[in-house]
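# Residue-level structure breakdown
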Amino acid sequence: MVRSPESERRQVELILAQIDALPTLSPVAARLLSVGSAEDADIDEVVKLIESDPSLTATLLGLCRKSTTGLGTKVDSVKRAVVLLGFEAVRTAALSAVVFEQMQEQSEHADRAPREADEPRVDRVGLWKHAAAVACAAEIIAAEASHLRVPPERAFIAGLLHDIGRVVLESILPRATARVASLAERRAEESASVERKVLGIDHFSAGERLAARWELPVFLSSVIAQHSRSPGTTTVVEDRALVGIVTCAKAMCRDRHLGWSGDFGTPPDAMLWLRELELPEALLEEIGPRVLEATADRWSVLRLDDQTTPEMLADAVTVANQRLATMNRALLDRTAESAGRGKALRAIAAFQSSWRQGQGAIETIEKVVASAAAVLGEGYWAAVHQSATSRDWQVFEFTKRGKLVRSTAVERPGDAERRLSLAHLSESGDVPLRTPEILAALRDGLESKPDLDQLRAISLSIEGMDAGTLLLHDRSSRPLQGDSWVALKNVWSAAVREAEAADTTRRASEQQSELTRALEDARDQLSRAAVMTMLGGLTAGAAHELGTPLAVAKGRSQRLLASTRDDAVSADAKAIVAAVERMDELVSNLRLLAEPPTPKTDPLDVDELLRDAVGHAAERSEPAGHAQVKTRVMEEDLTVTGDRKLLTASLSELIQNAAEAAPGPQIEITAERDALDGRVLISVRDFGPGLSARARKHAFDPFFSEKPAGRRTGLGLTRARRLVEVQGGELSLQSPPGGGVRAVVLMPVAAAVTDEQAGESPDVLRAA
């Protein structure tokens, strides 16, 4: 189903709202981030802070004892770790452990949602293994590249958190992200492109949003948002070297299948960054053993070999949550005990201490509701918010103490010419909910279906913006009167106004990042189109110029063969005829690339089509004839629209390639309907050695081949893709887990045939 732009925008807003509603960093992480350097730090205070958490201390010491330090058991306390390794190294290791623990907790929370046993799931442990591997590789590269002046500790934490956006999306949308991963794998694509199609937002933007919410350092935000780009499209300047190091580390870990990256397309080209950073091109191969050793150490320390969260970390999280809940209860109790102006001042102070400038509107509204609940008392709490950049209303429901539990978007009441605006509602303290339009919107948006007649609303006007907020509650009275109540409302309104401004700035930054990625994709497409245009001109000219001389050579060599009785001359003539026929075949293939045939479009039964392709491949080559081919069509009466001869030629080329890549083993051919856009996906997989790095880059280039000289012309895959594309399809290659190569063909489903498409297609079923 195709979503409207408005529906897609609404979905993105809801996802961003859920990111903004995630818990803030723990006090330990916040304190570690606030210390800029060893000179700014009270070392004893930081050591005491870390040692107050036994779980964190144990994990930290394990990270500091990694094999690359050579210190072994000498690091037996946090203080000694600081002395031997330096404050920056200890701080980075501790921060890494805290963030890992917190995101594990968030993922466990997502696991508690009911799910079917056969639903696809993201390999969360594998994802963290990949992150730890990238961190180790980045740390070692930074140490080797001393001229770049990137601290290895900084490179480690940047590598560990580079894909935090993927973890965030999985924790708040586990089903959707699992579907994205499944689609990306079946389509051999990078997950970000599928995320944008399915969710409307990718994990780069999600991670950048979380980095802003957690107030992470700028260098981490830069890496999270821009890793895996080519050097020419990276916009950061100050942290450019760090972005390049992490990109190289990720490419290295993906190439070695360390953990689960969630991506299935072509990895980033590390060579471009190695040249950009003036590093040896053989560096990644040289450090490979060290990366594996370091990664094994980190996996062991973080207990990533187990599919469940370590009990020690879970106990620490439980204790921390209990302490935070106790502090919140005490704060609300103390606020509730206040009266009059003193209570208002205390409420304002409590709110300002919990809210920080730069936080988003959703989190700010949650803070406001928590403050209101402390003043008015526990009960039913909800809110309706109108953003300055949205035509819809966002409706939120909270716990009785103001904790956000759900959100949704509803269409703003009114007709096309006049939409009701929350910005223009009454400025009084309480607003009775008697407007029919508001009541109708609330019935649509409030999932708990409260008694609307019992609800009242507090209006928060946002001066200077077409935006506003209503706080909904069932409290019968308010303990504050006159100026005290107005002052408290003004503080809440000012906070929401600041949050709206911060959201507007973040949205502009995110749109700029998405535009940059879109421009990069468009540039790649234009480059490929230009190459094909140039190739078309060259091949057309070559075919024209070679056609006549070849015909003359073939005719005269055949006459010579017929007229001579000399065995030596006869052998030479036969060799000339064979060579001319081979060149004639090459000319025919060049002409096909330059001027592809007009396909005869028919509905084609996929099962029958695959049988034809397997048979034709067996006739063309000996390996294909002896291969064990297993064919599975996942749906009865599955049909595509295309040209039978052209599509058979393409598929038989893929089968022949698979048979030659791994003579003897089984070849798997599957066909199914693609869940993303409804097209038919045909997959041809072998279990051979897989694609080399060079083949991944040049497999579809004309005349490219890694087979021994003289075997084939190197035009088979080029021709196969060309024939698929002229029929409206797509052809790509991937290296699946477990080895081998999988060729993926996407074809449109059967459609009506027009008169113009009913012409005869040429016979292209000849060996390439």
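Residues numbered from 1 in each chain as written. Predicted model: local features only at pLDDT ≥ 70, side-chain atom pairs only at ≥ 80, totals over all residues. Heavy atoms only, no water.

## Quick notes on the overall build of the chain
When helices and strands are counted, the chain shows 28 helices and 13 strands. The 768 residues of the chain split such that 50% are buried. Summarising the internal contacts of the chain: among those between residues at least 6 apart in sequence, 72% fall at separations of at least 24. As presented, the chain carries roughly 35400 Å² of accessible surface, and 52% of it is formed by carbon and sulfur atoms. (Helix = DSSP H or I, 4+ residues; strand = E, 2+ residues; numbered from the N terminus. Buried < 20%, exposed > 50% of the residue type's maximum accessible area, 1.4 Å probe, protein only. Contact = heavy atoms within 4.5 Å. Areas by Shrake-Rupley, 256 points an atom, 1.4 Å probe, with all protein chains shown as cover.)

## Brief notes about the environment of Leu14
When you line up the elements, Leu14 lands in helix H1 (residues 5–20). Linking Leu14 and Ser407, residues 393 residues apart in sequence, is a C-alpha distance of 7.4 Å. Leaving out residues up to four positions away in the same chain, Leu14 has contacts with Gln394, Ser407, Thr408 and Ala409.

## Concerning unusual backbone geometry
In this structure, Ser228 is a non-glycine residue whose phi angle is positive, near 75°. Here Ser228 is to be found in the loop between helix H13 (218–226) and helix H14 (240–255).

## Observations concerning the state of the cysteines
Across all of its chains, the model carries zero disulfides by this definition. Between Cys136, a free cysteine, and Cys253, which holds the nearest cysteine sulfur, the sulfur-to-sulfur gap is 8.1 Å. (Disulfide = S-S within 2.5 Å.)

## Some details on the packing of helix H7 (residues 124–144) against helix H8 (residues 152–161)
What describes two packed helices is the angle between their axes and the distance between those same axes. Direction vectors running N to C along H7 and H8 enclose 155°, while the axes themselves pass 7 Å from each other. Here H7 is positioned roughly antiparallel relative to H8, judged by the angle of their axes. Relative to H8, H7 is oriented so that their crossing is right-handed. Contacts from Trp128, Ala131, Ala132, Val134, Ala135, Cys136, Ala138, Glu139, Ala142 and Ala143 in H7 reach Pro152, Ala155, Phe156, Gly159 and Leu160 in H8. Looking at the contact of H7 with H8 residue by residue, the class counts come to 13 nonpolar, one polar and one charged. (Axes fitted to C-alpha atoms, helices over the stretch in contact; angles between N-to-C directions. Parallel < 35°, antiparallel > 145°, perpendicular 65-115°, else oblique. Left-handed = near helix turned anticlockwise from the far one by under 90°. Nonpolar A, V, L, I, M, F, W, Y, C, P; charged D, E, K, R; others polar.)

## Here's the deal with the pattern of salt bridges
Applying the stated criterion across every chain, the model contains 27 salt bridges. The partner of Arg213 in a salt bridge is Glu363, and the shortest N-O contact between them spans 2.1 Å. One end of the pair, Arg213, is in helix H12 (residues 203–214); the other, Glu363, is in helix H20 (residues 361–376), and 150 residues separate them in sequence. When sorted by exposure, Arg213 lands in the same class as Glu363, which is buried. Across the pair Arg406 and Glu447 runs a salt bridge whose closest N-O atoms are separated by 3.5 Å. One end of the pair, Arg406, is in strand E3 (residues 404–411); the other, Glu447, is in the loop between helix H21 (436–445) and strand E5 (456–461), and 41 residues separate them in sequence. According to the relative accessible area criterion, Arg406 is partly exposed, its value standing at 32%. Within this structure, Asp163, Arg166, Lys250 and Asp263 form a network of salt bridges that share partners. (Salt bridge = Lys/Arg side-chain N within 4 Å of Asp/Glu carboxyl O.)

## Some thoughts on H13
With eight of nine residues buried, H13 is to be regarded as a mostly interior element. Among all positions of H13, only Phe219, Leu220, Ser221, Ser222, Val223, Ile224, Ala225 and Gln226 are buried. Just past H13, the residue Ser228 takes up positive phi, approximately 75°.

## Comments concerning the environment of Trp214
Summarising the element assignment, Trp214 is placed in helix H12. In sequence terms Trp214 and Leu22 are 192 residues apart; their C-alpha atoms lie 9.6 Å from each other.

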